[in-house]
Amino acid sequence: MSAPGGGQKLRLLKAALLDIKSEHQIILFIDSYDVVFASGPKELLRKFQQAKHKVVFSSESLIWPDRHLEDKYPHVREGNRFLGSGGFIGYIPSIKEMIANWTQGDSDSDQLFFTKIYIDPAKRITLNITLDSKCRLFQNLHGALDEVVLKFEDGRVRARNVQYDTLPVVLHGNGPTKLQMNYLGNYIPNSWTFETGCTICHENLHPLSSLKESEYPLVMIGIFIQQPTPFVTVFFERLLKLQYPQNRLKIFIYNHEPHHEHQVNSFLQDHGSMYKDVKYIQPKEEMDGAAARDFAFDMCRKDKECDYFFNLEIEVVLKNENTLKILTEQNLPIVAPMITRGGRLWSNFWGALSADGYYARSEDYVDIVQGRRVGLWNVPYVSSVYLVNASLLRTELTDYKLFTSQSFDSDMAFCHSVRNKGIFMYVNNLHTFGRMLSTENYKMEHLHNDLWQIFENPVDWQERYIHENYTRMMKDKLIENPCPDVYWFPVFTDLACNHLVEEMEHFGRWSGGGNVDTRIQGGYENVPTIDIHMNQINFEKEWHKFLLEYVAPITEKMFPGYYTKAQFELAFVVRYKPDEQPSLRPHHDASTFTINIALNQVGTDYQGGGCRFLRYDCSIQAPRKGWALMHPGRLTHYHEGLPTTAGVRYIAVTFVDP
């Protein structure tokens, strides 16, 4: 890309022309490694004949390799002035005559050789040479990136030179424009069109369906835990659900974070033996992230069984259980399943690079991320989750330190290594694969820190903690009405209930159940319970968000015309025990409406309990774990807590809109 050379092209051309005797035959000579055809031979020949010269060279706006020759170039009225040797077309006799005097070496410059012929007026006239100055036949990208845009036609895509309003037939990513060439090649001539979508996505596939499971490629999954991360337990649950034979998987885990040791150890203890092999790098080994990745890739490189390396960061939420099958069947050197971050344009790929090798947004980036264009995309950078064909590690990517760099972080260093070897990286958005967790503001001072993730990772929080029937509650009429104006509906998973109870017991500072209570305004509680307030565990903001998102919509459906912002002064978890506080005397609540969520199961965790509304002589005596009771707090719904006769009963109570 940066040094002269190309002499071997002339040597090979000269030898090939010896056997061709026809004087009327036309030869097109182009580079191939970085060239794409936007159209076919008919258009090419028509445009060549319209040029009315025996030989037509591609043109450039930049002179190379000898700037001192600029003054000797003839001036043009419009268009590029300088010759590019990456593409030319002409009649055989003229081309034979033009290269007859080539006697130089393979490392000498073909472009300089042709330049000296072109700037010699006598030779230029004798050989009848011209330049394709307006890029009707050839488009060199170096020095012209701002001039070239995609032009979508019916079922095909062209490159349009907006400077000269031409549609070049041959595109050449000369010099340092290889990445832009890859971008154009994602479309031109018909790799992806609006009419057909992706036309190359199903080429060269290696279907697994014809293989026995014992014949599946062996994949080493490298799991990297770099920092404190929410929902790590869920990550391992999803890993177990991957639809791929576990005896064809080897597991490598790098954990830099002591906070997650118990989760990793638990996974390995319960499930490690299911996999073909397991390697665990623990925090105490004090290996940095780049070194761990280099080490893991080298394990695969040296392991003759290893067919693929699947890089998987702990922050990745891999929802598609078939991800590994899809990627291996794709049969590509490096391919990443596209994942995004909810509500943002962040993804695990870059569509372009800035001049200094950092992120730049490609024209199609937003359309790809938002799914308006789906396909397989050749991109300059992937991260977080991607599959690498292990044969690359034993051939082109043999350097041990692929991830270690003084200039870049580990992912950028790896992709830089890959690009320098001319290896293509792809991102696949043909399927929905998953998303990326946010690790910002992840607190570690609690027992169940994931409970606090309702703001940072609301989708994951909902999947973990909101009852599976909640979203279909209205459609399937799951809201029950056991007493007048009392509504009963599922809201929490069993796990949410368990975590909240365990969090409160872990905190442990239960109130004494007396009337004097310094936690509340006025310091006096008329109807006291043994409880812990949400604000005592710094959970009031998260609880308010939960009420707004999951309770307020039900309130507004059940009590038409009433709109709530779910304000509260008192939200707390109550504990009932026969020998402590078994029941609660009749009372009104200091609320417009009250939410009462059962946090454990009658018959299993305790006996008795329930709630009775005196005005209606109506009782709910078998509260369901995770279900919420919603009822007016004042005037009409005078109620009492029925005695708990055995075990321990927990409920979460909120007085909404006091």
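Residues numbered from 1 in each chain as written. Predicted model: local features only at pLDDT ≥ 70, side-chain atom pairs only at ≥ 80, totals over all residues. Heavy atoms only, no water.

- The name given to the protein chain in an unreviewed UniProt entry is Procollagen-lysine,2-oxoglutarate 5-dioxygenase 1, with the source organism recorded as Fundulus heteroclitus.
- UniProt, in its Subcellular location (unreviewed entry) section for the protein chain, records the words "Rough endoplasmic reticulum membrane".
- Looking at the Catalytic activity (unreviewed entry) heading of the UniProt record, one finds this comment for the protein chain: "L-lysyl-[collagen] + 2-oxoglutarate + O2 = (5R)-5-hydroxy-L-lysyl-[collagen] + succinate + CO2". (UniProt positions renumbered as here; feature names shortened; annotations may be inferred.)

## What to know about the packing of aromatic side chains
Stage number 1. Applying the stated criterion across every chain, the model contains 50 aromatic pairs.
Stage number 2. Their ring planes at 70 degrees and their centres at 5.3 Å tell us that tyrosine 216 and tyrosine 244 sit as a pair that is edge-to-face. Taken as a pair, tyrosine 216 in the loop between β11 (197-198) and β12 (219-225) and tyrosine 244 in the loop between α7 (232-241) and β13 (249-255) lie far apart in primary sequence, 28 residues in all.
Stage number 3. A residue is classified by how much of its surface remains accessible, and tyrosine 216, at 7% relative accessible area, is buried.
Stage number 4. Arranged with centres 6.2 Å apart and planes meeting at 50 degrees, the rings of phenylalanine 267 and tyrosine 275 form a pair that is tilted.
Stage number 5. Site record: aromatic cluster; members linked through ring pairs are Trp452, Trp461, Tyr465, Tyr470, Phe492, Phe539, Trp543, Phe546 and Tyr550. (Phe/Tyr/Trp six-rings, centres within 6.5 Å; stacked < 30°, edge-to-face > 60°. Helix = DSSP H or I, 4+ residues; strand = E, 2+ residues; numbered from the N terminus. Buried < 20%, exposed > 50% of the residue type's maximum accessible area, 1.4 Å probe, protein only.)

## Quick word on the UniProt feature "domain: Fe2OG dioxygenase" (unreviewed entry) in the protein chain
Stage number 1. UniProt records the feature "domain: Fe2OG dioxygenase" (unreviewed entry) for residues 567-658 in the present numbering.
Stage number 2. Structurally, residues 567-658 comprises 0% helix and 53% strand, and the distance from its first C-alpha atom to its last is 8 Å.

## Some words on the side chain of glutamine 581
Stage number 1. The topology assignment puts glutamine 581 in the loop between β29 (568-576) and β30 (584-587).
Stage number 2. In terms of polar contacts, glutamine 581 uses its side chain to reach the backbone amide nitrogen of isoleucine 530, at 2.8 Å.
Stage number 3. Here the side chain of glutamine 581 touches serine 583 through a polar contact of 3.4 Å, landing on its backbone oxygen.
Stage number 4. Every residue in contact with glutamine 581, bar those within four places of it in the chain, is listed here: Pro528, Thr529, Ile530, Arg575 and Tyr576. (Polar contact = N/O pair within 3.5 Å; in protein donor to acceptor, adjacent residues only side chain to side chain. Contact = heavy atoms within 4.5 Å.)

## Regarding the sheet that holds strand β9 (residues 170-172)
Stage number 1. Spatially, three strands are ordered β2-β9-β6 in an open sheet, and the strand pairing comes out mixed. One side of each edge strand has no neighbouring strand; the edge strands of this open sheet are β2 (35-37) and β6 (138-140). Going across the sheet, the axis of each strand differs from the next one's by a mean of 15 degrees, ignoring polarity.
Stage number 2. Alignment of β2 against β9, held across three bridges, turns out to be antiparallel. When the sheet's bridge partners are listed, valine 35 is paired in β9 with histidine 172. (Pairing = 2+ DSSP bridges. Axes fitted to C-alpha atoms, helices over the stretch in contact; angles between N-to-C directions.)

## Quick word on the state of the cysteines
Disulfides are covalent bonds that connect the sulfur atoms of two cysteines.
Stage number 1. In the structure shown here, the tally under the stated rule is three disulfides.
Stage number 2. The disulfide partner of cysteine 300 is cysteine 306, and the gap between their sulfur atoms is 2.1 Å. Looking along the S-S bond of the cysteine 300-cysteine 306 disulfide, the torsion reads about -85 degrees, which is the left-handed sense.
Stage number 3. Cysteine 300 sits in the buried class, given a relative accessible area of 0%.
Stage number 4. Across a sulfur-sulfur distance of 1.9 Å, cysteine 483 and cysteine 618 are joined as a disulfide pair. Since a negative S-S torsion denotes a left-handed disulfide, the cysteine 483-cysteine 618 link at about -80 degrees is left-handed. Residue cysteine 483 is located in strand β26 (residues 480-483), and its partner cysteine 618 is located in strand β34 (residues 618-620); the two are separated by 135 residues in the primary sequence. The burial state of cysteine 483 is the same as that of cysteine 618; both residues are buried.
Stage number 5. In the protein chain, the cysteines engaged in disulfides, taken in order along the sequence, are linked 1-2, 3-4, 5-6. (Disulfide = S-S within 2.5 Å.)

## Quick word on helix α8 (residues 261-271)
Stage number 1. Within α8 the residues assigned to the buried category are Gln263, Val264, Phe267 and Leu268. Projected onto a plane normal to the axis of α8, the buried residues spread over an arc of 130 degrees and lie on a single side. The exposed set on the far side of α8, more than 90 degrees from its buried face, consists of His262 and Gln269.
Stage number 2. In this structure, the buried side of α8 is in contact with β12, α7, β13 and β14 (277-281). (Arc of directions from axis to C-beta.)

## Let's talk about the nonpolar core
Stage number 1. The biggest cluster of nonpolar side chains holds 96 residues, and the ones touching the most others in it are Ile221, Ile223, Ile253, Phe310, Ile334 and Phe414.
Stage number 2. It is β12 that contributes the most residues to this core, six residues altogether.
Stage number 3. The two domains that each donate at least three residues to this core are domain 1 (7-186) and domain 2 (219-436).
Stage number 4. In contact with isoleucine 223, other than residues within four places in its own chain, are Phe235, Phe236, Leu239, Ile251, Phe252, Ile253, Tyr254, Leu312 and Ile314.
Stage number 5. In terms of nonpolar packing, the next biggest core, distinct from the first, is built from 48 residues, Phe231, Phe539, Leu547 and Ala628 among them. (Core = buried A, V, L, I, M, F, W, Y, C linked by side-chain atoms within 4.5 Å. Domains from an automatic or database assignment.)

## Quick notes on the sheet that holds strand β1 (residues 26-30)
Stage number 1. Spatial strand order, β1-β4-β3-β5: four strands in an open sheet with mixed pairing. Two strands bound the open sheet, and with one partner strand each, they are β1 and β5 (129-132). For this sheet, the mean angle separating the axes of adjacent strands, direction not counted, is 30 degrees.
Stage number 2. Relative to β5, strand β3 (residues 55-60) is paired through four bridges, and the arrangement is parallel. Bridging from a neighbouring strand, phenylalanine 57 pairs with leucine 131 of β5.
Stage number 3. Against the sheet, helix α4 (residues 110-118) engages β3, β4 (82-91) and β5, with an angle of about 75 degrees to β4.

## Quick look at the pairing of β3
Stage number 1. Among the six residues that make up β3, six are buried, leaving the element largely enclosed by the rest of the structure.
Stage number 2. In terms of strand pairing, β3 meets β4 through six bridges, oriented antiparallel. By the bridge assignment for β4, serine 59 is matched with leucine 83.

## Points about the domain arrangement of the protein chain
Frequently, the measure chosen for interface size is the accessible area removed from exposure when the parts meet.
Stage number 1. One can read the domain layout of the protein chain as domain 1 (7-186), domain 2 (219-436) and domain 3 (451-656).
Stage number 2. Summarising the inter-unit geometry, the C-alpha centres of domain 2 and domain 3 are found 42 Å apart.
Stage number 3. Both faces considered, domain 2 and domain 3 share a buried interface measuring about 690 Å² in area, 50% of it formed by carbon and sulfur atoms.
Stage number 4. Ranking the residues of domain 2 by area buried against domain 3 places Pro230, Phe231 and Arg435 at the top, with a combined share of 63%.
Stage number 5. Notably, a salt bridge pairs arginine 435 with aspartate 460, separated by 3.1 Å at the nearest N-O pair.
Stage number 6. Inspection of the region where domain 2 meets domain 3 yields five residue pairs in polar contact (both at pLDDT 80 or more).
Stage number 7. Split into classes, the residues belonging to the side of domain 2 that touches domain 3 amount to four nonpolar, one polar and four charged. (Buried area = accessible area lost by both parts, 1.4 Å probe. Salt bridge = Lys/Arg side-chain N within 4 Å of Asp/Glu carboxyl O. Nonpolar A, V, L, I, M, F, W, Y, C, P; charged D, E, K, R; others polar.)

## Some thoughts on the pattern of salt bridges
Stage number 1. Tallied over the full model, the rule gives 35 salt bridges.
Stage number 2. Note that lysine 178 and aspartate 34 form a salt bridge whose closest N and O atoms lie 2.8 Å from each other. With lysine 178 in helix α6 (residues 178-185) and aspartate 34 in the loop between β1 and β2, this residue pair connects regions lying 144 residues apart in the sequence. Here lysine 178 matches aspartate 34 in class, with each residue buried.
Stage number 3. One salt bridge in this structure joins arginine 301 and aspartate 298, with 2.7 Å as the shortest N-O distance. Of this pair, arginine 301 and aspartate 298 both sit in helix α9 (residues 289-302), three residues apart, which is roughly one turn of the helix. The same class applies to arginine 301 and to aspartate 298, which are both buried.

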